[in-house]
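Topology and contacts: notes
For reference, the chains in residue letters:
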Amino acid sequence: MDAFTENFIKHHKLPKFYFFNAKGKTVIEVRKKMKKEGAYFAYNTTPCKNGEHRIRDRKGHCVVCNTAYITFMLRFNESGYIYIAGTIDGKMMKIGSTNNVARREKSLNKSKYANCTDWEIIYYFFCTKIGLFEYKATCKLSNHSTKIQYKHDGVFHMAQEIYLCSFKTAYSVIKSLQENIEIKEETFFTYKAKRYNFRNLIYYSKGENSAQSLLPRNNSKKQ
Ligand SMILES: [Zn+2]
């Protein structure tokens, strides 16, 4: 292991066994072995285009260029609660994960998440691999996804995993993804769900912070 990789691992406080030596191996070989050995990252990979770094995650992302992939990759295999929250003021739904549902509901409001203070968690369940579940949900709802910048403790944050859709739409995506996995502690506040019959909007991104390009979806009816 070269000094750069060594320092990188130290800096991010990761265990060494998360890293697989890809030297002289094909991509397919590397992926297979990483899975088998429970490694999340490979070093001595082919150099990335941006900075010729040689540390990548299982999906081939350069984790030096974008360290967010580290958290993302590790959270794939964590267990916890997946929740659907909604804001009536913002007419948005959020799918997220947490270890403490009640605390998360409070923190969404306290931090004025996506500039809203009326967030409530409508539905949640416990599962393993919350990161993977969240990722799949994000893909399925990508049409309705938006990003909103908000300020908390004097720092700008970007609210993500928020969707311009009804509770019903978010819920049906979650349900479709639950088919082959074991879920526990499923909790559904049906009386809350009725308040979130928003229109399903498609978001056309015109740059990071633009929220002006919202158009109703042609074939969508109010649910
Ligand atoms: Zn890179």
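Residues numbered from 1 in each chain as written. Predicted model: local features only at pLDDT ≥ 70, side-chain atom pairs only at ≥ 80, totals over all residues.

1. Structural notes on the overall build of the protein
Stated precisely, the cut-off is as follows: Put simply, DSSP H or I for four residues or longer makes a helix, DSSP E for two residues or longer makes a strand, and each gets a number counted from the N terminus. In this scheme every C-beta is placed from the backbone, and a residue whose C-beta has 20 or more other C-beta atoms within 10 Å is buried, one with 12 or fewer is exposed, and one in between is partly exposed. A pair of residues counts as a contact when their C-beta atoms, built from backbone coordinates, are separated by no more than 7 Å.
When its secondary structure is counted, the protein shows 7 helices and 11 strands. Considered along the principal axes of its C-alpha atoms, the protein spans approximately 55 × 40 × 40 Å. When burial is assessed residue by residue, the protein has 29% of its 223 residues classed as buried. Long-range contacts, defined here as pairs at least 24 residues apart, represent 54% of the contacts in the protein between residues at least 6 apart.

2. Notes on unusual backbone geometry
With a phi angle near 50°, lysine 91 is a residue other than glycine that sits in the positive phi range. Here lysine 91 shows up in the loop between strand S4 (80-87) and strand S5 (92-98). With 15 C-beta atoms packed within 10 Å, lysine 91 lands in the partly exposed category. Notably, lysine 112 is not glycine yet its phi reads approximately 50°, a positive angle. By the element assignment, lysine 112 lies in the loop between helix H4 (101-110) and strand S6 (120-127).

3. Quick word on the pairing of strand S9 (residues 184-188)
Short version of the rule: In short, DSSP must find at least two bridges between two strands for them to pair.
With 0 of 5 residues buried, S9 lies mostly on the surface of the structure. Across 3 bridges, S6 lies against S9 in antiparallel orientation. Along S9, the bridge assignment pairs phenylalanine 126 with lysine 184.

4. Focus: the nonpolar core
To keep it simple, the criterion reads: Throughout this description, the term nonpolar core refers to a group of buried Ala, Val, Leu, Ile, Met, Phe, Trp, Tyr and Cys residues whose C-beta atoms join them within 7 Å.
Among the nonpolar cores identified, the biggest contains 33 residues, and Ile82, Tyr83, Ile84, Met93, Tyr163 and Ala170 are the most heavily contacted of them. Residue assignment for this core shows that the elements contributing at least two residues are S4, S5, S6, helix H5 (130-140), strand S8 (155-163) and helix H6 (167-177). Beyond its immediate sequence surroundings of up to four residues, isoleucine 84 is in contact with Met93, Ile95, Ile122, Tyr123, Phe167, Ala170, Tyr171 and Ile174. Counting residues in hydrophobic clusters, the runner-up holds 14 residues, among them Phe19, Ala22, Cys62 and Ile70.

5. Considerations on the environment of lysine 106
Summarising the element assignment, lysine 106 is placed in helix H4. Sequence separation between lysine 106 and threonine 117 is 11 residues, and the spatial gap between their C-alpha atoms is 9.3 Å.

6. As for helix H2 (residues 27-37)
Of all 11 residues that make up H2, 1 are buried, and the element is exposed over most of its length. Glycine 38, located one to two residues past H2, shows a positive phi value of around 70°.

7. A closer look at the packing of H5 against H6
For the record, the criterion: Geometry is summarised by axes, namely lines fitted to C-alpha atoms with helices restricted to the contacting stretch, and by angles between N-to-C directions that run from 0 to 180 degrees. Roughly parallel means an angle under 35 degrees; roughly antiparallel, over 145; roughly perpendicular, 65 to 115; everything else is oblique. Rotating anticlockwise by less than a right angle from the far helix to the near helix defines a left-handed crossing, while the corresponding clockwise rotation defines a right-handed one. Three classes are used: nonpolar for Ala, Val, Leu, Ile, Met, Phe, Trp, Tyr, Cys and Pro, charged for Asp, Glu, Lys and Arg, and polar for all others, with Gly counted as polar.
Look at H5 against H6: their axes get within 10 Å of each other, and the N-to-C directions meet at 130°. By the angle between their axes, H5 is oblique relative to H6. As for how H5 packs across H6, the hand of that crossing is right-handed. Residues Phe133, Lys136, Ala137 and Lys140 of H5 form the contact with H6, whose own contacting residues are Val173, Ile174 and Leu177. In the contact of H5 with H6, the residues fall into 5 nonpolar, no polar and 2 charged.

8. Here's the deal with the confidence of the model for the protein
Close reading of the predicted structure is inappropriate where its pLDDT is low. What counts here: Confidence scores here are pLDDT values: one per residue, from the predictor, ranging 0 to 100.
Considering every residue of the protein, the mean pLDDT works out to 86; 91% of them sit at 70 or more. Taken element by element, the predicted model of the protein shows its lowest mean pLDDT in strand S11 (residues 214-216) (45) and its highest in S6 (97). The low-confidence segment residues 206-223, where pLDDT is below 50, has 27 contacts with residues more than four positions distant or belonging to other chains.

9. Regarding the sheet that holds strand S7 (residues 145-152)
Pairing is antiparallel in the open sheet, where 6 strands are placed in the order S7-S8-S5-S4-S6-S9. The open sheet terminates on both sides in strands that have one partner only, identified here as S7 and S9. Pairs of neighbouring strands in the sheet enclose a mean axial angle of 30°, with direction left out of account. Against the sheet, H6 touches S4, S5, S6 and S8, its axis set at about 165° to S4.

10. Here's the deal with the sheet that holds strand S2 (residues 41-43)
Spatially, the 3 strands line up as an open sheet ordered S1-S2-S3, and their pairing is mixed. Each end of this open sheet is capped by a strand with a single partner; those strands are strand S1 (19-21) and strand S3 (55-57). Pairs of neighbouring strands in the sheet enclose a mean axial angle of 30°, with direction left out of account. The pairing of S2 with S3 spans 3 bridges and is antiparallel. Looking at the pairing, phenylalanine 41 lines up with aspartate 57 of S3. Together, S1 and S2 form the strand contacts of H2, whose direction differs from that of S1 by roughly 140°.

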